[in-house]
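Each chain, written out:
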Amino acid sequence: MAFLIVKGDTVKLLPVAPPANTTVDRVVELVPEMFDKVTGFIDQKKAEDKSGF
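Below: a short report on this structure. (Residues numbered from 1 in each chain as written. Predicted model: local features only at pLDDT ≥ 70, side-chain atom pairs only at ≥ 80, totals over all residues. Heavy atoms only, no water.)

Take the overall build of the protein next. Scanning the protein from N- to C-terminus turns up one helix and two strands. Put simply, the protein runs from its N terminus to its C terminus through helices and strands in the order β-β-α. Whereas a compact globule of 53 residues would reach a radius of gyration of roughly 10 Å, the protein reaches 15 Å, over 25% beyond that. With respect to the principal axes defined by its C-alpha atoms, the protein has extents near 45 × 25 × 10 Å. Residues classed as buried in the protein amount to 0% of the 53 residues present. Each charge class in the protein was averaged separately, 7 positive and 8 negative side chains, and the resulting centres sit 4 Å apart. (Helix = DSSP H or I, 4+ residues; strand = E, 2+ residues; numbered from the N terminus. Rg over C-alpha atoms; globule rule 2.2 N^0.38 Å. Buried < 20%, exposed > 50% of the residue type's maximum accessible area, 1.4 Å probe, protein only. Lys, Arg positive; Asp, Glu negative; His and termini not counted. Charge placed at Lys NZ, Arg CZ, Asp CG, Glu CD.)

The following block contains the structure:
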């Protein structure tokens, strides 16, 4: 079971489960969030480059 959060063009899945027991489990849970942040950063840089700022 999980919550699906939709905000603009962003979709996040928040699982309703106990916290990860191991470091590996926690890293696997963080991969989608980190991917979203890196993608957002790259998109922001591209927009800045096009606008000249």
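Here strand 1 (residues 2-7) pairs with strand 2 (residues 10-15) via six bridges, running antiparallel. When the bridges of strand 2 are listed, A2 appears paired with P15. Taken together, strand 1 and the strand that follows it, strand 2, pair antiparallel across an intervening segment of two residues, in which G8 is found at a positive phi of about 65°. (Pairing = 2+ DSSP bridges.)

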